[in-house]
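Here are the chains, one letter per residue:
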Amino acid sequence: MAIKEINKVMEKFEYSELSTKFLLGFKATFYRNIKIIWQYKFTLLLGFVNTFAVASLFFYIGNLVPNQTISQDGYIVSSITYIFAGSMLVDISTRILTQSMNSFTSEMKQGTFETLATQPFGLKKYFVSEITFEVIYRMIFSLIYYIPVLLIFPVFRGLTLNFLSILSFMVVIICIILFFFSLSLLAANVTILVKRGREISMVIIGIMHLLSGSLFPLSLFPEWLRIIAYFSPMTLAVQSFRLCLFGQGTLADGMVWGSVVMLIIMSIIFLLLFNLTYKKIYSKIRSKGTLHEY
Amino acid sequence: MTLFLNLITIVMYFYFGKLNPDITVFGIPSTYLEFCFLGLSLQMIMGTSLATVNGGIYSEILSGTWSYLLYQFNFVEYSIGSTLAGVFLSSLSVFAALFLAYFLMGSFYVISIQKVMLVIILFLLLIVAHMSISMIFASFTIYYQKDSGLISLIYQLMKTFTGIVFPISLLKGFPLVLSRALPLTYGLETLHSIVLTDHYNWQLIATNCSILVIASLIIGTIAMFLASKSIKHSKKHNKVDWY
């Protein structure tokens, strides 16, 4: 009986004619987040120094590799450039996922999540607009942060790219963003149930980082671990990202189209899972009365 | 969860070590794995020491328990207690990770009782130095009722410029200056000298330990001054229970 009542309340919020339209709600979320970010403008400035420190770490590690070259998938490239490319992609992805998780954890910590959950806008729409904002914001700022870094460490200078490899590179990037958007959405859903967003994102990123081969070629893994690694979408993403950059890889290459297909399929699965689990999780936390807990 | 993340980091550098980076050319008499195991372990423990006081106070402010806490303890008591608890728990996870790594990857150190005593003294000095840094930033958090994000930045600088996963002899110019401004650089240099070599470089150990003691005294004094000012400010402006 109680569950039915909860469902009625949820439907009222989600389908009510009084409910705010998605675009209006998204606009409101956007303005609210911009205001919050502006309050922490000092942190925005720190982002430049932080990115410089992260990039320096990749740079110096790259210097340790014997002969300072790495060969993989038919191309030979400087170890610094190799490590830089892989680790930069992982770093930006980490920022996107962590930021998305942190925003929900922060709402729960401050006790504002309950209010947001009961807005006529609807929690689901709020989830989608919040994650969309965080992904866009993190993407833009990560790129801005990396501009001075790439001027200090000109690791990508002298690369020969043709039109098709640039196009393929862009497709891979879009698929990676889509993948992290759907992963963030699903992880945020789990966050409201288990209340530990940061920890969840750290574990996901930790595993994907290890398996992606961002610091070393995957040939160093034993056979069994290499097979597992190729089941991680981030591994294929990092490998095809490098192939497009260094080996003039295009969508015609098995690695590149394989990663695009894998990322799209995983994104669809995550979005479906979010859709399927969202109502159940929401009902559970409401019926258990843990919506306001942290 | 921390144990799991520590293990992932160690495994990642284990496979990077398979690229055979030659550390001996930098005057370090060990394999890459032995070298970075020490650095990563120290980073994991000192990271906790660095983050605990500031993170704890920010959390108390967010949760609205800061005013009650201030009524029960003084700032120094809280700092020492929370840091020791954090360091104890993180040490457990680091030692568990090292223990697992020993069985899975076969890296080990031969450590005598004398070395263990020296390492313990070094650990205590480093914990005090990092706790003092955390106390300084905690005083800013108390004053502004916001987390500045500077601790995360210092942690990242510490990860990069103190010679955890590569020797600091690779650094030149400003990065080298930055490296010498961080206490962990001296700690790690001493730890490498104690654990990785059979003959102690007493001069290096004494110099680095003295630097750590002086740095802790100076940073600790500044931290206590700033913290008392911040607490007085928040009491005067009736902001203790604010967020």
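Look above for the structure.
To start, this report covers the structure provided alongside it. Computed from a predicted structure; not experimentally measured.

What follows concerns the overall build of chain A. Looking only at helices and strands, chain A has 11 helices and two strands in total. When the helices and strands of chain A are placed in sequence order, the string is α-α-α-β-β-α-α-α-α-α-α-α-α. Against the globule reference of 19 Å for 294 residues, chain A gives a C-alpha radius of gyration of 21 Å, in line with a compact fold. In terms of its C-alpha atoms, chain A occupies a principal-axis envelope of roughly 70 × 40 × 35 Å. Taken across its 294 residues, chain A has 53% of its residues classed as buried. For chain A, the proportion of contacts with a sequence separation of at least 24, taken over those separated by at least 6, is 79%.

Counted at 1.5 Å a residue, the expected span for helix α9 (residues 202–236) of chain B with its 35 residues is 51 Å, and the 50 Å between its end C-alpha atoms agrees. Looking one or two places after α9(B), you find B:Asn238, whose phi comes out positive at around 55 degrees.

All right, on to the interface of chain B and chain A then. The partner chain A presents 36 residues to the 39 residues of chain B that form the contact. Carbon and sulfur atoms make up 80% of the surface buried where chain B meets chain A, a total of about 3200 Å² over both sides. Linking chain B to chain A there are zero salt bridges. The interface formed by chain B and chain A includes one residue pair in polar contact (both at pLDDT 80 or more). Elements represented by at least two residues in the side of chain B that touches chain A include exactly α1 (2–17), α2 (32–63) and α6 (150–161) of chain B.

The side chains of a regular strand alternate between the sheet's two faces. Residues and elements named next belong to chain A. The alternating pattern of strand β1 (residues 69–72) places Ile70 and Gln72 on a buried face and Thr69 and Ser71 on a face that is not buried. Summarising the sheet, β1 and strand β2 (residues 75–78) pair through four bridges and their orientation is antiparallel. Looking at the pairing, Gln72 lines up with Tyr75 of β2. Here β1 folds back onto β2, and the loop between the two strands holds two residues, one of which, Asp73, carries a positive phi near 45 degrees.

Residues and elements named next belong to chain A. Here helix α2 (residues 22–39) is 18 residues long and its end C-alpha atoms lie 26 Å apart, about the 26 Å a rise of 1.5 Å per residue gives. For α2, the full list of buried residues reads Gly25, Phe26, Thr29, Asn33 and Ile37. The buried residues of α2 occupy an angular sector of 105 degrees when projected down its axis, which confines them to one face. Turned more than 90 degrees from where α2 packs its buried face, Leu23, Leu24, Tyr31, Lys35, Trp38 and Gln39 sit exposed. As for α2, its buried residues are in contact with α3 (41–64) and α6 (123–152).

All names here are of chain A. A cluster of nonpolar residues, Phe42, Leu45, Phe48, Val49, Ile136, Ile140 and Ile144, forms a patch on the protein surface that exposes about 590 Å² of accessible area. Counting only elements with at least two residues in the nonpolar patch, the list comes to α3 and α6. Counting residues per element, the nonpolar patch draws most heavily on α3, at four residues.

It is worth spelling out the packing of α6(A) against helix α11 (residues 254–288) of chain A at this point. Residue and element names in this part refer to chain A. Two numbers describe how α6 lies on α11: the axes approach to 11 Å, and their chain directions differ by 130 degrees. Classified by the interaxial angle, the pair formed by α6 and α11 is oblique. Crossing angle aside, the handedness with which α6 passes α11 is right-handed. Between α6 and α11, the contacting residues are Leu123, Lys124, Phe127 and Val128 on the first element and Phe274, Asn275, Tyr278 and Tyr282 on the second. Within the contact of α6 with α11, the residues separate by chemical class into six nonpolar, one polar and one charged.

Here the focus is the pattern of salt bridges. All names here are of chain A. Going through the model one piece at a time under the given rule, you end up with four salt bridges over all chains. Measuring nitrogen to oxygen at the nearest pair gives 3.1 Å for the salt bridge that ties Asp91 to Arg95. On the criterion of helical spacing, the pair formed by Asp91 and Arg95 is a turn pair, its members being four residues apart in helix α4 (residues 79–110). Judged by relative accessible area, Arg95 falls into the buried class, the value being 11%.

The subject of this paragraph is the packing of helix α5 (residues 113–144) of chain B against α9(B). Residues and elements named next belong to chain B. Between α5 and α9, whose axes approach to 8 Å, the crossing angle comes to 25 degrees. On the basis of the axis angle, α5 is roughly parallel to α9. Crossing geometry of α5 relative to α9 is assigned as left-handed. In the contact of α5 with α9, the residues fall into 23 nonpolar, eight polar and no charged.

Let us look at the packing of aromatic side chains. Residue and element names in this part refer to chain A. Scanning the entire structure with this criterion turns up 31 aromatic pairs over all chains. Note on Phe30 and Phe133: the rings are 5.3 Å apart at their centroids and 85 degrees apart in plane angle, and the pair reads as edge-to-face. Taken together, the positions of Phe30 in helix α2 and Phe133 in helix α6 put the pair 103 residues apart, joining distant regions of the chain. Here Phe30 falls in the partly exposed class, since its relative accessible area comes to 34%.

Rules behind the numbers
- Residues numbered from 1 in each chain as written.
- Chains lettered and ligands numbered in written order.
- Predicted model: local features only at pLDDT ≥ 70, side-chain atom pairs only at ≥ 80, totals over all residues.
- Heavy atoms only, no water.
- Helix = DSSP H or I, 4+ residues; strand = E, 2+ residues; numbered from the N terminus.
- Rg over C-alpha atoms; globule rule 2.2 N^0.38 Å.
- Buried < 20%, exposed > 50% of the residue type's maximum accessible area, 1.4 Å probe, protein only.
- Contact = heavy atoms within 4.5 Å.
- Expected span 1.5 Å × (residues − 1).
- Buried area = accessible area lost by both parts, 1.4 Å probe.
- Salt bridge = Lys/Arg side-chain N within 4 Å of Asp/Glu carboxyl O.
- Polar contact = N/O pair within 3.5 Å; in protein donor to acceptor, adjacent residues only side chain to side chain.
- Pairing = 2+ DSSP bridges.
- Arc of directions from axis to C-beta.
- Patch = residues over 30% accessible without salt bridge, like charges linked within 9 Å, V, L, I, M, F, W, Y side chains within 5 Å.
- Areas by Shrake-Rupley, 256 points an atom, 1.4 Å probe, with all protein chains shown as cover.
- Axes fitted to C-alpha atoms, helices over the stretch in contact; angles between N-to-C directions.
- Parallel < 35°, antiparallel > 145°, perpendicular 65-115°, else oblique.
- Left-handed = near helix turned anticlockwise from the far one by under 90°.
- Nonpolar A, V, L, I, M, F, W, Y, C, P; charged D, E, K, R; others polar.
- Phe/Tyr/Trp six-rings, centres within 6.5 Å; stacked < 30°, edge-to-face > 60°.

The values reported here are purely geometric and, on their own, carry no functional implication.
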